[in-house]
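# Breakdown of the fold
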Amino acid sequence: MKMLMAVAAFAGTIALASGAEAVTYTNSGSIAVPGNLSSGPADPFPTTIDVTGSGLVTGLTVDIFGLSHTYPDDVFIGLVSPDGTTVVLMNDAGGSGDISNVNLTFDDAAGSAIPDSGTLVSGTYSTGSFGRLPDNFPTGIPAFAAGGALSDFVGLEANGTWSLFVQDDAGGDTGSISGGWALNIEVAPVPLPAGLPLLLAGLGALGIASRRRRS
């Protein structure tokens, strides 16, 4: 009987895993964007999130918390997966007006891309790149290319270190991301082993028979 209970518990664990939903991973550390007469990489560069116990990506969105900048068009934000796949979240976007504590969600299913001009406000946007990529990247960082989407990560392994690169491509303005960032990752359900439904049915029948013998 103890063996049957152990097998049933194992089967229940597999069944729960098969219905996995989106999981959020957060790095709440602030990010300082260069200011005054300087430009270049933010601090830290990159900022990272380690994902464990996940699987293959079936969907992904990205949250940016508390973006402030005196000229958001200067800001570049790009995401790199553990295997080195890169996607530009925003580049030369958001116009020239000051913004303060703007919360952004990047989602391929959003109704519109992050705006090229006009005042950037909190909301959900798809990715957008509207000019050449910064030419002042430090050497050795992954290569970014305009035109990508978060769907580029679908099918990749979620486990590992995800990196967010934030860069200011012109001096004279300043900014920060005060609340850090988050990944919302959906993964493929764990496939149930072949024959598991029959095993569960058999366990149920054995349990009923055992109770009848004791009564």
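Since this is a predicted model, take the numbers as computed values, not measurements.

### Remarks on the packing of aromatic side chains
Considering all chains together, one arrives at six aromatic pairs under this definition. Ring plane angle 75° and centroid distance 5.0 Å describe the contact between Phe76 and Phe137, whose orientation is recorded as edge-to-face. With Phe76 in strand S6 (residues 75–80) and Phe137 in the loop between strand S10 (128–129) and strand S11 (160–168), this pair connects stretches of sequence that are 61 residues apart. Look at Phe76 and you get buried, because its relative accessible area is 0%.

### Re unusual backbone geometry
The omega torsion of the bond from Asp43 to Pro44 falls at 5°, within 30 degrees of zero and hence cis. Structurally, Pro44 is set in the loop between strand S3 (40–41) and strand S4 (47–51). If you check the backbone angles, Asp92 has positive phi at about 50° while not being a glycine. Mapping Asp92 onto the fold places it in the loop between strand S7 (86–91) and strand S8 (99–106). Phi at Asn101 takes a positive value of approximately 50°, unusual for a residue other than glycine.

### Considering the pairing of strand S5 (residues 57–69)
Among the 13 residues in S5, eleven count as buried, and that is most of the element. Alignment of S5 against strand S13 (residues 181–187), held across seven bridges, turns out to be antiparallel. Within the sheet, the bridge partner assigned to Asp63 lies in S13 and is Ala182. Bridge count between S5 and S8: five bridges; the pairing is antiparallel. Bridging from a neighbouring strand, Asp63 pairs with Thr105 of S8. When S5 meets strand S12 (residues 175–177), the two strands line up antiparallel, connected through three bridges. Bridge pairing in S12 places Leu67 opposite Ile177.

### Digging into the side chain of Thr86
Looking at where Thr86 falls in the secondary structure, it is placed in strand S7. Take Thr86: its relative accessible area is 16%, and that puts it in the buried class. Side-chain polar atoms of Thr86 contact the backbone oxygen of Ala143, separated by 2.9 Å. In this structure Thr86 touches Leu79, Val80, Pro142, Ala143, Phe144 and Ala145, once residues within four positions along its chain are discounted.

The rules behind each value
Residues numbered from 1 in each chain as written. Predicted model: local features only at pLDDT ≥ 70, side-chain atom pairs only at ≥ 80, totals over all residues. Heavy atoms only, no water. Phe/Tyr/Trp six-rings, centres within 6.5 Å; stacked < 30°, edge-to-face > 60°. Helix = DSSP H or I, 4+ residues; strand = E, 2+ residues; numbered from the N terminus. Buried < 20%, exposed > 50% of the residue type's maximum accessible area, 1.4 Å probe, protein only. Pairing = 2+ DSSP bridges. Polar contact = N/O pair within 3.5 Å; in protein donor to acceptor, adjacent residues only side chain to side chain. Contact = heavy atoms within 4.5 Å.

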